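A closer look at the structure
So you can see what is in the structure, the chains are spelled out below.
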Amino acid sequence: MIPKVDLPEGVGLQTRAVREGLPPTAWGENSEALFLTSSFVHPDAETAARRFANEEEAFVYSRFGNPTVTMMERRLAALEGTGGCIGTASGMAAILMLILGLLKGGDHVVCSQSVFGSTIRLFQDFARFGIETSFVSQTDPAQWQAAMRPNTKLLFAETPSNPLTEVCDIAALAEIARAGGALLAVDNCFCSPALQRPAALGADLIVHSGTKYLDGQGRVVAGAVCGPEALIATKFVPVMRSAGMSLSPFNAWVVLKGLETLAVRMQAQSARALQLAHWLEAQPAVERVYYPGLPSHPQHALAMRQQSGSGGAVVSFVARGARAGAFGVIDATRICSITANLGDTKTTITHPASTSHGRLTEAQRQAAGIVQGMVRVAVGLEDVEDIQADLQRGLAA
Ligand SMILES: *Cc1c(COP(=O)(O)O)cnc(C)c1O
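Only a predicted model underlies this, so the values are computations on that prediction, with no experimental measurement involved. (Residues numbered from 1 in each chain as written. Predicted model: local features only at pLDDT ≥ 70, side-chain atom pairs only at ≥ 80, totals over all residues. Heavy atoms only, no water.)

All right, on to the domain arrangement of the protein chain then. Entries for the protein chain in the domain assignment read domain 1 (13-106 + 181-259) and domain 2 (263-396). A C-alpha centroid distance of 31 Å is found between domain 1 and domain 2. Taken together, both faces of the contact between domain 1 and domain 2 bury some 1,500 Å²; the carbon and sulfur share is 57%. Interface area lost by domain 1 to domain 2 is led by Phe190, Leu195 and Tyr213, which between them contribute 44%. Linking domain 1 with domain 2 are zero salt bridges. (Domains from an automatic or database assignment. Buried area = accessible area lost by both parts, 1.4 Å probe. Salt bridge = Lys/Arg side-chain N within 4 Å of Asp/Glu carboxyl O.)

Spatial strand order, β1-β7-β6-β5-β4-β2-β3: seven strands in an open sheet with mixed pairing. Because the sheet does not close on itself, it has two edges, and the strands there are β1 (84-88) and β3 (132-136). Mean inter-strand twist for the sheet, computed between neighbouring axes without regard to direction, equals 20°. Packing against the sheet, helix α4 (residues 91-102) makes contact with β1, β4 (152-158), β5 (183-187), β6 (205-209) and β7 (223-227), and its axis sits at approximately 150° to β6. Where helix α5 (residues 117-125) meets the sheet, its contacts fall on β2 (108-112), β3 and β4, and the angle it forms with β3 comes to roughly 145°. (Pairing = 2+ DSSP bridges. Helix = DSSP H or I, 4+ residues; strand = E, 2+ residues; numbered from the N terminus. Axes fitted to C-alpha atoms, helices over the stretch in contact; angles between N-to-C directions. Contact = heavy atoms within 4.5 Å.)

Attention now moves to the nonpolar core. Core analysis: the biggest nonpolar cluster contains 35 residues, and Met72, Leu76, Tyr213, Val255, Leu259 and Leu262 have the highest contact counts within it. When residues of this core are traced back to their parent elements, those giving at least two are α3 (67-80), β7, α10 (249-260) and α11 (262-281). Here this core gets six residues from one element, more than from any other, and that element is α3. Both domains that furnish three or more residues to this core are identified here as domain 1 (13-106 + 181-259) and domain 2 (263-396). Those residues within four positions of Met72 in sequence are excluded, and the remaining contacts are Gly87, Gly223, Leu247, Ala252, Val255, Leu256 and Leu259. Ala94, Phe123, Val239 and Met240 belong to the second largest nonpolar core, which has 29 residues in total. (Core = buried A, V, L, I, M, F, W, Y, C linked by side-chain atoms within 4.5 Å. Buried < 20%, exposed > 50% of the residue type's maximum accessible area, 1.4 Å probe, protein only.)

What follows is about the sheet that holds strand β12 (residues 374-378). Strands sit in the order β8-β9-β12-β11-β10 across an open sheet of five strands; the sheet is mixed. Across the chains shown, the open sheet's two edge strands, defined by having one partner strand only, are β8 (286-290) and β10 (337-338). Relative to β12, strand β9 (residues 314-319) is paired through five bridges, and the arrangement is antiparallel. When the sheet's bridge partners are listed, Val314 is paired in β12 with Ala378.

The following block contains the structure:
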């Protein structure tokens, strides 16, 4: 039996974000240990046989079990309010794990058309194996309902979307999934459990790119799937054991320590993003601002309900002057990092039409609303006045 941390009954989420994991080793370390070991030693052959037969719970081999990874999984599961969690090598490996663990040829998936580009491609790739995916509106639950088939096994949503910050109604989708005998999975990358807890709204599974806010300082690539303990144990642990998209202990350790500060970072970065969004709305060189925390956002009320009253830390806007206008703003910055990554303490700035959405045709981009003047800012922890001044340089030109 792998022991639990001795915490008083009913402690709060922030306490678990700092304390959940495994008991310390015999050395009494206060910061969690990094177990860089591929395998674990057994006291005798009899014990080894029991452990390999799954008759005794113990760490055997780091492809499917490592104490540092377990600490990260327990801490993230606590924050998401799910019984279980399994760490994966990346966010995309988490989505691959979902497909391999839950679906077979002949099954059908309903997915938002506004999810991460690689997620769309991954679901499309599985058409080769007889798993068909219907892509539907991010914001209209009626389209999800209409796409349901008797063989629909999974609904997949990501909210808010990138870069338009469109919001899915998680509770409405959970209802559609339940009525259709399917599971709802939510990619909770943009809000993180600090702001949005999909399981409390009825989602069955939560997918994470730990690369983003969970690490929070842009250091590692990591991922996870959270869900009911039995589902994780029966559907996903066997896939991990045979397919091996394992999270490295080092990357797990970085995410584990990142989770301790997740809530304070999300609050501080979201507060800065709200201030920046209000400021952008007042700039004559800005045509439009996309941010769920603004009353002008078409789904402001839903977002506030679903995201703990917060808009998150990602703000997009359309600069006057189309592509030249957007490039002018980006190139005039001296602080913001020009990179498509997000979820960092360093503010990042990107031109979605030529980077994350560069492989779409211009017609597809126009239909999706990702115009050439659009700029996305993932707000970090710098002084927000300095980020405003950084954007002002290009907007004033
Ligand atoms: C980055 C990202 C992913 C993929 O995560 P990786 O860790 O890069 O594999 C999935 N979903 C969303 C919303 C993301 O932003």
